[in-house]
Amino acid sequence: MYQRQGAVAFKKDLSNIKLLVDHLENPQTTYKTIHVAGTNGKGSTSHMLASILQEAGYKVGLYTSPHLKDFRERMRVNGVVANKHFVINFVKKHKAFLEAHKLSFFEMTVGMAFDYFAKQEVDIAVIEVGLGGRLDATNIITPEVAVITNIGMDHTQYLGTTYSEIAFEKGGIIKEGIPVVIGEHHPETEEVFRTLSRKRNAPLHKAYTFDAIPMKSDLKGTYQQHNIRTVQVTIAQLQQKGIAVGIQHIAKGLLQVVKNTGLQGRWQIVGENPFIICDTAHNKEGLSYVLPQLETIPYHRLHVVLGVVSDKDLDDILPMFPSHATYYFCTPDVPRGMPVDTLYEKASLFGLRGEMYTSVTKALDKAKEHAKAKDLIFVGGSTFVVAEII
């Protein structure tokens, strides 16, 4: 599993997934799809789209990664996680094939999700890219619309070290004649998307040039405003393709994302007195929205439970964290977790002071012990830190 192991689990090739879906008789061709890529916001955007389509009365598949608690979170139908027996039976039935072709964890899971959605007879499925786009195992679908939320510096060891290189990889989901929605503007990526869409005769829609219809969401991060606008432009493309969605479905769907889809870990309040907030933001672009939002909440003292994965560029993210906070450093419980002493030593160079703890839960327990009722505790730095406390 890439999210746990890192590079050893990463495969840059579509041949395996093509073999698998052929073996499964191409289940992904039996329903409509929406394909969503991007450095940040692709998870929230995917869940928003699914919620809106559910409100419009469709039976909706939703494929996302990683999971927080339960593997089956990766494949949901109308917000309900996949049936345990389906997962067990799928592996039993196809075990010989999966082992013979040495499929990766992600490839197996994509094939399983495509098969599940076909068996559930969904009307439409929202498919979130795992990593990148061009060579991601999800990139064998021909969607109604492709969405690229934004481009940031993350996973540079796989996707390239410049914004334009990363945009080229994510732009790999742009298909011949299929409309593509770009969520956010970046001067270094605009030309990449323009060129790719022109070559593939794909109508290009820049969501950032549209005025969003003012709507609220139950996802409370300020960064969700970008995603709401992207979603509105995407829904407009679906409407043009004859998928009936009313403005009331958009409004209600945005307000009920958590209820409809089960999304967790996005600016989620997990305690009060003291206020405890967690967020899965884990790169420079994501944290550039989340950390300033902490300062909009009145607090007496700020406590930060912080852990990261080992391939994170600390020189990029640690300067963003406030030096007035008290830190509780920890390691997420995955093989890819950065050793706590490495994080502690590097953080001290940026004036971030605190103590080291042997687990995320011990770090949070100590933060709760130290915090007064009017203090604020923030838990973050990695999806896997958040997963351990919700």
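What counts, and where the lines are drawn
Residues numbered from 1 in each chain as written. Predicted model: local features only at pLDDT ≥ 70, side-chain atom pairs only at ≥ 80, totals over all residues. Heavy atoms only, no water. Helix = DSSP H or I, 4+ residues; strand = E, 2+ residues; numbered from the N terminus. Buried < 20%, exposed > 50% of the residue type's maximum accessible area, 1.4 Å probe, protein only. Contact = heavy atoms within 4.5 Å. Pairing = 2+ DSSP bridges. Phe/Tyr/Trp six-rings, centres within 6.5 Å; stacked < 30°, edge-to-face > 60°. Axes fitted to C-alpha atoms, helices over the stretch in contact; angles between N-to-C directions. Salt bridge = Lys/Arg side-chain N within 4 Å of Asp/Glu carboxyl O. Disulfide = S-S within 2.5 Å.

Chemist: So what exactly am I meant to see when it comes to the environment of Ala-207 here?
Modeler: Relative to the helices and strands, Ala-207 resides in the loop between strand E8 (204-206) and helix H9 (224-240). Residue classification places Ala-207 among the buried positions, given a relative accessible area of 0%. Taking the C-alpha atoms as reference points, Ala-207 and Leu-352, separated by 145 residues in sequence, lie 38 Å from one another. Those residues in contact with Ala-207, other than ones at most four positions away along the chain, are Val-181, Ile-182, Gly-183, Arg-229, Thr-230 and Val-233.

Chemist: Could you clarify how one ought to interpret the pairing of strand E1 (residues 32-37) in this entry?
Modeler: Residues in a regular strand point their side chains to alternate faces of the sheet. With 5 of its 6 residues buried, E1 lies for the most part within the structure. Here E1 runs beside strand E5 (residues 124-128); their pairing, made up of 5 bridges, is parallel. Bridge pairing in E5 places Val-36 opposite Glu-128. Alignment of E1 against strand E6 (residues 145-148), held across 4 bridges, turns out to be parallel. In the strand pairing of E6, Val-36 is matched with Val-147.

Chemist: Mind showing me how you'd approach the packing of aromatic side chains here?
Modeler: Describing an aromatic ring pair means giving the distance of the ring centres and the angle of the ring planes. A full pass over the atoms with the stated rule returns 10 aromatic pairs. Relative to Tyr-116, the ring of Phe-86 lies with its centre 4.7 Å away and its plane at 50 degrees, an arrangement referred to as tilted. A residue pair is termed long-range when its members are at least 10 positions apart, and Phe-86 in helix H4 (residues 84-100) and Tyr-116 in helix H5 (residues 105-119) qualify at 30 residues. Among the residues examined, Phe-86 registers a relative accessible area of 13% and is labelled buried. Judged by centre distance (6.4 Å) and plane angle (75 degrees), the ring pair of Phe-321 and Tyr-327 falls under edge-to-face. Judged by its relative accessible area of 5%, Phe-321 is buried. In this structure Tyr-327 comes out as buried when scored by relative accessible area, which is 0%. A network of ring pairs unites the aromatic residues Tyr-31, Phe-86, Phe-90, Tyr-116 and Phe-117 as a single cluster.

Chemist: Can you walk me through the sheet that holds strand E10 (residues 275-278) in this structure?
Modeler: Picture the strands of a sheet paired through backbone hydrogen bonds; they go either parallel or antiparallel. On the basis of which strands lie adjacent, the open sheet formed by 6 strands has the order E9-E10-E14-E11-E12-E13 and mixed pairing. Edge positions in the sheet fall to strand E9 (268-271) and strand E13 (354-356), since each has one partner strand and no second. When strand polarity is set aside, the average angle formed by the axes of neighbouring strands in this sheet is 20 degrees. Where E10 lies against strand E14 (residues 376-380), 4 bridges are found, and the strand directions are parallel. Across the sheet, residue Ile-277 finds its bridge partner in E14, namely Phe-378. The sheet strands contacting helix H14 (residues 340-349) are strand E11 (302-306), strand E12 (326-329) and E13, and the helix crosses E13 at an angle near 160 degrees. Strands E10, E11, E12 and E14 of the sheet are contacted by helix H15 (residues 360-370), whose axis makes an angle of about 175 degrees with E11.

Chemist: So what exactly am I meant to see when it comes to the pattern of salt bridges here?
Modeler: Working definition: two side chains of opposite charge can pair if their charged atoms are close together. Under the defined criterion, the tally for this structure stands at 11 salt bridges. One salt bridge in this structure joins Asp-115 and Lys-119, with 3.0 Å as the shortest N-O distance. Taken together, the residues Asp-115 and Lys-119, both in helix H5 and 4 residues apart, mark about one turn of the helix. Residue Lys-119 is classed as exposed on the basis of its relative accessible area, which comes to 52%. In this structure, Glu-169 and Arg-134 form a salt bridge, with 3.1 Å as the shortest nitrogen-oxygen distance. Here Glu-169 is found in helix H7 (residues 163-170), whereas its partner Arg-134 is found in the loop between E5 and E6, with 35 residues between them in sequence.

Chemist: Help me understand the state of the cysteines in this model?
Modeler: Each disulfide consists of a covalent bond between the sulfur atoms of two cysteine residues. Tallying each qualifying case throughout the model produces 0 disulfides. With no disulfide of its own, Cys-278 lies closest to Cys-330 among cysteine sulfurs, the gap being 13 Å. The buried category is assigned to Cys-278, whose relative accessible area is 0%. Cys-330 gets classed as buried once you look at its relative accessible area, which sits at 0%.

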